[in-house]
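# A structural walkthrough
The primary structure of each chain is shown beneath.
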Amino acid sequence: MKPTHLRKSAVSTSWPAPAKLNLFLHITGQRADGYHQLQTLFQFIDHCDYLDFHITNTDDLILHSAISDSVADSDNLILKAAKSLKRYTQYEGGAHIWLDKLLPMGGGLGGGSSDAATTLVALNALWKTNVSPSKLAEIGLTLGADVPVFINGLSAFAEGVGEQLITVEPAEPWYLVIVPDVHVSTKDIFQHPDLPRNTPKLDMNSLMTQQWTNDCQKLVTTKHPQVANALSWLVEYAPSRMTGTGACVFGEFTHSQQALDALAELPAHMRGFVAKGMNKSPLKIRLEQL
């Protein structure tokens, strides 16, 4: 709820923080600092969190969100992003930020990273601080390995810890995404001794043309039967796999109606949604409309 003293016209509304899918995810090694070396393919979907911003002359950064009860301000990536940009630019004002949280937490859809990226992109525009996209991505990388791809806003083949990006244009199918009722901790999965860490590194052209897999999927489905059950149901309808470290799984469909028909068959104890693959993110489109 926006405070009544903020006139609606003064609030910049509906900045999208889109979900991403990892169309494949290979873990090719682990660095001395503990970070994992990856090869992955990111694509956006038109399913988003939304953020509203009101720029203030005061120094405060204030987040209004239903998740404030479950995520401490000190751990919240939206506030961390806003503070990082303010610190880098020495901007003297502040902002009220509202989050409409639609993406599941712990789902492998990148919601927290996407919220952070949208905060950086939107405040950079609204504060008129004119930080370059490459510098924003640098700031974003300090918040999370996935943040730069959301700032970049284009589907990308990624290496390193996920920050070395090459723009690609895979097909943009429709997806049925199932959201198992479980929170999968990325940290726990990457620290687990059974996680494969030695998938051979391949060149991008080879990876783009072979069958796509996710190295985290076997471990997550073993640890979390809810994910295994969702995947075994979905694979009957379409080529399906898990995104990121889970818990969400997705199936690919050529037409929206096919995905909607499968969604209509979803068992009552499961929930999901249909979304369109997008090689240009809703955030990038929003920024271009300014």
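You'll find the structure just up there.
Residues numbered from 1 in each chain as written. Predicted model: local features only at pLDDT ≥ 70, side-chain atom pairs only at ≥ 80, totals over all residues. Heavy atoms only, no water.

Here we take up the pairing of strand β9 (residues 249–253). Most of β9 sits inside the fold, with 4 of its 5 residues counted as buried. Where strand β7 (residues 174–178) meets β9, 5 bridges bridge the pair, whose relative direction is antiparallel. Among the inter-strand pairings, Trp174 is bridged to a residue of β9, identified as Phe253. Here strand β8 (residues 240–242) runs beside β9; their pairing, made up of 3 bridges, is antiparallel. Within the sheet, the bridge partner assigned to Arg241 lies in β9 and is Phe250. (Buried < 20%, exposed > 50% of the residue type's maximum accessible area, 1.4 Å probe, protein only. Helix = DSSP H or I, 4+ residues; strand = E, 2+ residues; numbered from the N terminus. Pairing = 2+ DSSP bridges.)

Looking at where Gln39 falls in the secondary structure, it is placed in strand β2 (residues 36–56). A distance of 2.6 Å separates a polar atom in the side chain of Gln39 from a polar atom in the side chain of Glu159. Leaving out residues up to four positions away in the same chain, Gln39 has contacts with Phe24, Leu25, His26, Thr28, Phe157, Ala158, Glu159, Pro200, Lys201, Leu202 and Leu207. (Polar contact = N/O pair within 3.5 Å; in protein donor to acceptor, adjacent residues only side chain to side chain. Contact = heavy atoms within 4.5 Å.)

The next point concerns unusual backbone geometry. The bulk of non-glycine residues show a negative phi, and the bulk of peptide bonds are trans. Between Gly246 and the following residue, Ala247, the backbone shows a cis peptide bond with an omega angle of 15°. Topologically, Ala247 is positioned in the loop between β8 and β9. Although it is not a glycine, Lys128 sits at a positive phi angle of roughly 55°. On the accessibility criterion, Lys128 (64% relative accessible area) is exposed. Of note, Asn130 is a non-glycine position whose phi angle comes to about 55°, a positive value. Its location among the elements puts Asn130 in the loop between α2 (111–126) and α3 (133–141). Residue classification places Asn130 among the exposed positions, given a relative accessible area of 71%.

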